Amino acid sequence: LDGEDMTALRPNRRPVNLMFQSYALFPHMTVARNIAYGLEMEGCSRSEVAARVAEMLEMTELTALADRKPESLSGGQRQRVALARALVKRPRVLLLDEPLGALDKKLREQMQLELKRMQHDVGITFVVVTHDQEEALVMADRIAVLDAGRIAQIGSPRELYEYPANRFVAGFIGKMNFFEGELTAAGLNFGAHGVIAGQPVSDRAVNGRGVAAVRPERLRLAEARPEAGTNALPAEIIDIAYHGQDLNVHLRVEGTRERVLVRLPADEAEQANRRRGAR
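Let me begin by describing the structure that accompanies this report. Source: prediction; values computed, not measured.

Here's the deal with the packing of aromatic side chains
Under the criterion given, the structure shown has three aromatic pairs. Judged by centre distance (5.7 Å) and plane angle (15°), the ring pair of Phe168 and Phe172 falls under stacked. With Phe168 and Phe172 both in helix α7 (residues 167–172), this residue pair falls four residues apart, about one helical turn. Taking the relative accessible area as the measure of exposure, Phe168 reaches 30% and is therefore partly exposed. Residue placement shows Arg167 over the ring face of Phe178; its charged tip is 4.2 Å from the ring centre. Its end group placed over the ring of Tyr161, Arg215 keeps NZ or CZ at 3.9 Å from the ring centre.

Given below as structure tokens:
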């Protein structure tokens with residue numbers, strides 16, 4: 001941490017705190033006592049404990065709930081109590097283990113932005129473990145993608161989404177379509193359908209098998225082959241999933257082992273009147 005090896009330092013002496021996935025609040029203590037517990041164990045004076053607890057209650061918008069017990073709080077409120085308890089000791093690093101996993105989708109999205117705001121307000125490094133790719137993209141300044149315990153890529157959300165370092169990262173972050181073929185100087189030879197042109201991820205020599213990776217929102221559907229036929233593949237619609245703001249159209253493309261996914265904005269989908277079985 002800041003160049004200092006923490007291994008030999010006893011855990012209670014490390015300037016690091018952990019927010020548990022289950023929150024692990026003390027059920028017999030009020031919100032204020034839960035937040036104060038770590039400071040009391042450190043032997044801080046009553047006046048300092050009171051001041052720092054009041055500061056945390058205000059930051060997490062829990063002042064009105066200070067005398068409540070955890071059982072009477074909502075999931076989002078309990079999450080904020082756990083966060084306040086972890087932050088009140090002013091650690092230099094806060095570890096968060098799936099902090100939003102227990103919340104429903106709407107509250108989780110709200111708390112993602114709330115956590116990001118608090119992190120910037122307090123200026124402490126947050127290390128967040130999550131299996132929710134969208135959550136990582138929303139919350140993080142930097143993301144490390146782990147593959148079998150090894151770091152596959154570190155970068156900003158945009159770097160990982162737009163420029164994945166390898167196939168694992170490409171398939172792990174968001175949705176991705178893969179087209180396999182033979183690499184040539186012109187692009188990926190996709191058999192009878194011609195060449196898929198694109199931007200190579202490296203300038204290594206072109207030979208052997210290769211993969212073209214295309215995001216679902218980068219694909220377009222057309223009823224006839226466009227005049228500029230580059231990267232145009234014949235396909236059949238095999239399934240359509242309505243998601244409200246957009247439509248996921250699943251295609252069968254000859255030469256691919258898996259179905260190809262196209263994401264269309266709802267208004268575009270309505271105008272085109274897409275249907276199963278269409279070519």
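Section: the packing of helix α1 (residues 31–42) against helix α3 (residues 75–87)
Relative to each other, α1 and α3 sit at 30°, their axes nearing to 7 Å. On the basis of the axis angle, α1 is roughly parallel to α3. α1 and α3 meet at a crossing whose hand is right-handed. Residues Val31, Asn34 and Ile35 of α1 pack against Val81, Ala84 and Arg85 of α3. Taken together, the residues that form the contact of α1 with α3 break down as four nonpolar, one polar and one charged.

Digging into a nonpolar patch on the surface
A cluster of nonpolar side chains, namely Val16, Leu18, Phe20, Leu95 and Val127, defines an oily patch on the protein surface of about 370 Å² accessible area. Structurally, Leu18 is set in strand β1 (residues 16–19). Residue classification places Leu18 among the partly exposed positions, given a relative accessible area of 37%.

With respect to the nonpolar core
One finds Ile35, Leu83 and Leu94 to be the most contacted residues of the largest nonpolar core, which totals 34 residues. Contributions of two or more residues to this core are made by α1, α2 (46–59), α3, β2 (93–97) and α4 (105–122). Element by element, the count of residues in this core is highest for α3, at six residues. Once you skip the residues sitting within four places of it in the chain, Ile35 turns out to touch Val53, Met56, Leu57, Val81, Ala84, Arg85 and Val88. Judged by nonpolar contacts, the second largest core, of 16 residues, contains Leu188, Ala212, Leu251 and Val262.

Scoring rules and cut-offs
- For every chain, the first residue of the written sequence is number 1, and numbering continues from 1 onward in sequence order.
- It should be noted that, the model being predicted, local features are given only for residues of pLDDT at least 70 and side-chain atom pairs only at 80 or more, the latter also being counted only at that level, while totals for whole chains, interfaces and linings use all residues.
- Side-chain metrics in this entry use all non-hydrogen atoms of the structure; hydrogen atoms and water are not considered.
- Any Phe, Tyr or Trp ring, taking Trp's six-membered ring, that has another such ring centre within 6.5 Å forms a pair; planes under 30 degrees apart are called stacked, those over 60 apart edge-to-face, and the others tilted.
- By definition, any uninterrupted DSSP run of H or I lasting at least four residues is a helix, any uninterrupted run of E lasting at least two residues is a strand, and each is numbered from the N terminus.
- Think of it in three bands: with a 1.4 Å probe and only protein chains considered, a residue is buried below 20% of the maximum accessible area for its type, exposed above 50%, and partly exposed in between.
- Here, over-ring charges are defined by two tests on the NZ atom of lysine or the CZ atom of arginine: distance to the ring centre within 6 Å, and angle to the ring normal within 35 degrees.
- To define axes, lines are fitted to C-alpha atoms, for helices over the stretch in contact only, and angles between the resulting N-to-C directions are given on a 0 to 180 degree scale.
- Roughly parallel refers to an angle under 35 degrees, roughly antiparallel to one over 145, roughly perpendicular to one between 65 and 115, and oblique to any angle outside these ranges.
- For any pair of crossing helices, the crossing counts as left-handed if the nearer helix is rotated counterclockwise from the farther one by less than a right angle, and right-handed if it is rotated clockwise.
- Only heavy atoms enter the contact rule, under which two residues are in contact if any of them lie within 4.5 Å.
- All residues other than Ala, Val, Leu, Ile, Met, Phe, Trp, Tyr, Cys, Pro, Asp, Glu, Lys and Arg, Gly among them, are scored as polar; the first ten of these are nonpolar and the last four charged.
- Here, patches come from residues exposed beyond 30% relative accessible area and free of salt bridges, joined within 9 Å for like charges and within 5 Å for nonpolar side chains (Val, Leu, Ile, Met, Phe, Trp, Tyr).
- Accessible areas in this description were obtained via Shrake-Rupley with a 1.4 Å probe; residue shielding takes into account the shown protein chains only.
- Salt bridges are counted wherever a side-chain nitrogen of Lys or Arg sits within 4 Å of a carboxyl oxygen of Asp or Glu.
- Definition used in this section: a nonpolar core is a set of buried Ala, Val, Leu, Ile, Met, Phe, Trp, Tyr and Cys residues joined via side-chain atoms within 4.5 Å.

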